[in-house]
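# Structural characterization, general
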Amino acid sequence: MTWNVRTGGRTHLNPYSGGRRRMEAEWLVAAVRRTGGPLALLAGDFNTLEPTADHTDRLAGLPPHHRRRHVRRDGRTVDTRAVARLLDAGLVDLWPARAAGAPEADGHTVPTRHGAAEFAGTDAWRWPDAA
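Going along each chain's sequence as written, the residues are numbered from 1 onward. Local features in this predicted model are restricted to residues of pLDDT 70 or higher, and side-chain atom pairs are both shown and tallied only at a pLDDT of 80 or more, whereas totals for entire chains, interfaces and linings draw on every residue. Excluded from the side-chain calculation are hydrogens and water; included are all heavy atoms of the structure.

Counting its regular elements, the protein chain contains five helices and four strands. When the helices and strands of the protein chain are placed in sequence order, the string is β-α-β-α-α-α-β-α-β. Counting across all 131 residues of the protein chain, residues that qualify as buried make up 35%. Any two residues having at least one pair of non-hydrogen atoms within 4.5 Å are treated as being in contact. Residue pairs at least 24 apart in sequence account for 72% of intrachain contacts in the protein chain once pairs closer than 6 positions are excluded. Calculation of accessible area relied on Shrake-Rupley with a 1.4 Å probe; when residues are assessed, cover is drawn exclusively from the protein chains displayed. For the protein chain, the computed accessible surface area is about 7800 Å², with 52% contributed by carbon and sulfur atoms. Helix and strand assignments come from DSSP, with helices taken as H or I runs of at least 4 residues and strands as E runs of at least 2, each series counted from the N terminus. Exposure categories follow from relative accessible area, calculated using a 1.4 Å probe and restricted to protein chains: below 20% of the type maximum is buried, above 50% is exposed, and the middle band is partly exposed.

Here's what the structure looks like:
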C-alpha cells in the first residue's frame, strides 16, 4: 500500500500540565482541520496517556513528581484529556490501529538513551480515511 501525506506536523505537548496538554490538543485539532484534510499525519511527544487503557499499575510505579503530571487535580483521576480530544476529532493512534494484539510495551518509545524513564506510546496520529 502506498499513500502520501498531504500535510504533516510534529508537536511536543507540555510535559507538566494536563490542562495545558488539553489546550494544546485543541490547537492541534484546529490546525489539522484547517490545513490537513483527510491526508494528515501528526507525530511528536504527546507526554500523555490514552483513555483506552487502564493506567493504574503504571502510575502506581512512578515517583510522585512523575505521577502528578498524569493525574487530575484530585490526585486520583488519570488525565487522558489530550489524547481523548485527538480521538474525538477523528484522529487514529497508529500503534493500536496497526499492531492489534501486540504487547502494549512494544509500542513504547521511552526510555531512550537520553533518559526519560516515564512511559509513552508511539505518538503518531493520522485521520482514519488516509489509508
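Text resumes after the structure shown.
One finds Leu13, Ala25, Leu28, Val29, Leu42, Phe46, Ala82, Leu86, Ala89 and Leu91 forming the largest nonpolar core, which totals ten residues. Put simply, the parts of the chain that give this core at least two residues each are α1 (18-35) and α4 (81-88). Counting residues per element, this core draws most heavily on α1, at three residues. In these notes, a set of buried Ala, Val, Leu, Ile, Met, Phe, Trp, Tyr and Cys residues joined through side-chain atoms within 4.5 Å is what counts as a nonpolar core.

So, on to α1. Over its 18 residues, α1 extends 25 Å from the first C-alpha to the last, a length consistent with the 26 Å expected when each residue adds 1.5 Å. The complete set of buried residues in α1 reads Gly18, Arg21, Glu24, Ala25, Leu28, Val29 and Val32. Angular distribution of buried residues about the axis of α1 spans 150 degrees; they occupy a single face of the element. The exposed set on the far side of α1, more than 90 degrees from its buried face, consists of Trp27 and Arg34. Expected span of a helix: the number of residues minus one, times 1.5 Å. By construction, the arc corresponds to the directions joining the helix axis to the C-beta atoms.

Further remarks concern the pattern of salt bridges. Think of it this way: side chains of opposite charge can pair up when their charged atoms draw near. Any Lys or Arg side-chain nitrogen located within 4 Å of an Asp or Glu carboxyl oxygen qualifies as a salt bridge. Counted according to the given criterion, the structure contains two salt bridges. The partner of glutamate 26 in a salt bridge is arginine 85, and the shortest N-O contact between them spans 2.9 Å. Here glutamate 26 is found in helix α1, whereas its partner arginine 85 is found in helix α4, with 59 residues between them in sequence. Under the relative-accessibility criterion, arginine 85 is labelled buried at 18%. With its nearest N and O atoms 2.9 Å apart, the salt bridge here joins aspartate 79 to arginine 81. Taking the relative accessible area as the measure of exposure, arginine 81 reaches 24% and is therefore partly exposed.

Residues of α4 that are buried include every one of Ala82, Val83, Arg85 and Leu86, and no others. Along α4, the residues classed as buried sweep out an arc of 155 degrees about the axis, all on the same side. Downstream of α4 by one or two residues, glycine 90 has phi in the positive range, about 100 degrees.

Next up on the list: the side chain of glutamate 24. Turning to its location among the elements, glutamate 24 is positioned in helix α1. Note that His is not counted, nor are the chain ends; the positive residues are Lys and Arg, and the negative ones are Asp and Glu. Although glutamate 24 is buried, it makes no salt bridge; arginine 20 carries the closest opposite charge, 4.8 Å away.

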